[in-house]
Amino acid sequence: QVQLVESGGGLVQPGGSLRLSCAASGFTFSSYVMSWYRQAPGKEHDLVASISRAGGSTNYTDSVKGRFSISRDNAKNTVYLQMNNLKPEDTAVYYCNAAGITLPNYGLNYWGKGTLVTVSS
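Scope of this entry: the structure provided in the associated data block.

Conventions adopted
Residues numbered from 1 in each chain as written. Predicted model: local features only at pLDDT ≥ 70, side-chain atom pairs only at ≥ 80, totals over all residues. Heavy atoms only, no water. Phe/Tyr/Trp six-rings, centres within 6.5 Å; stacked < 30°, edge-to-face > 60°. Buried < 20%, exposed > 50% of the residue type's maximum accessible area, 1.4 Å probe, protein only. Helix = DSSP H or I, 4+ residues; strand = E, 2+ residues; numbered from the N terminus. Lys NZ or Arg CZ within 6 Å of the ring centre and 35° of its normal. Core = buried A, V, L, I, M, F, W, Y, C linked by side-chain atoms within 4.5 Å. Contact = heavy atoms within 4.5 Å. Pairing = 2+ DSSP bridges.

Observations regarding the packing of aromatic side chains
For any pair of aromatic rings, geometry is given as the distance between the ring centres together with the angle between the planes.
So, point 1. Across all of its chains, the model carries 5 aromatic pairs by this definition.
So, point 2. Each ring, one from phenylalanine 27 and one from tyrosine 32, has its centre 4.9 Å from the other, and the planes form 75 degrees; the classification is edge-to-face.
So, point 3. Judged by its relative accessible area of 13%, phenylalanine 27 falls in the buried class.
So, point 4. With a centroid separation of 5.7 Å and an interplanar angle of 35 degrees, the aromatic rings of tyrosine 32 and tyrosine 110 are classed as tilted. With a gap of 78 residues between them, tyrosine 32 in strand 4 (residues 32-39) and tyrosine 110 in strand 10 (residues 109-111) connect regions that are remote in the sequence.
So, point 5. A residue is classified by how much of its surface remains accessible, and tyrosine 32, at 2% relative accessible area, is buried.
So, point 6. Chaining the aromatic ring pairs together yields one cluster made of Phe27, Phe29, Tyr32 and Tyr110.
So, point 7. The ring centre of tyrosine 80 lies 4.0 Å from the NZ or CZ of arginine 19, which sits over that ring.

As structure tokens, this is what we get:
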């Protein structure tokens, strides 16, 4: 059974930091591109950051560049999102995603249930 379980969300003051984790099971973690998405109240589901299968390549949406860092540990089947200098506009539910990009996993997509991050004073 495929599972993606996010943790690490919570309430933090502006300028603070949080580290999100996503523990994966039930599939070959190292064969999937891993990403973090977020959805703020009343807004679209947006891509925040992605990391390649071996971890050598990362991408970020412009609004988090220089503040967020995505990483993965294939030995632990876990992907992380280090979030620094948090702003109120970062408030959202953050979701972990696994995407298969090569055969035999091409087109497969798995999602976690999300973890809430609230940035407020």
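A few points about the nonpolar core
So, point 1. By size, the foremost hydrophobic cluster in this structure holds 29 residues, and its most contacted members are Leu4, Met34, Trp36, Val79, Leu81, Met83 and Tyr94.
So, point 2. Secondary structure elements with two or more residues in this core: strand 3 (18-25), strand 4, strand 5 (45-51), strand 7 (68-73), strand 8 (78-83), strand 9 (92-100) and strand 11 (115-119).
So, point 3. If we skip the residues at most four places from it in the chain, leucine 4 touches Cys22, Ala23, Ala24, Phe27, Met34, Cys96, Asn97, Ala98, Tyr110, Trp111, Gly112 and Lys113.

Focus: the pairing of strand 1 (residues 3-7)
So, point 1. Judged by which residues are buried, strand 1 turns out to be one-sided: Leu4 and Glu6 face inward and are buried, whereas Gln3, Val5 and Ser7, on the alternate face, are not.
So, point 2. Pairing analysis gives 5 bridges linking strand 1 to strand 3, with the strands arranged antiparallel. When the sheet's bridge partners are listed, glutamate 6 is paired in strand 3 with cysteine 22.

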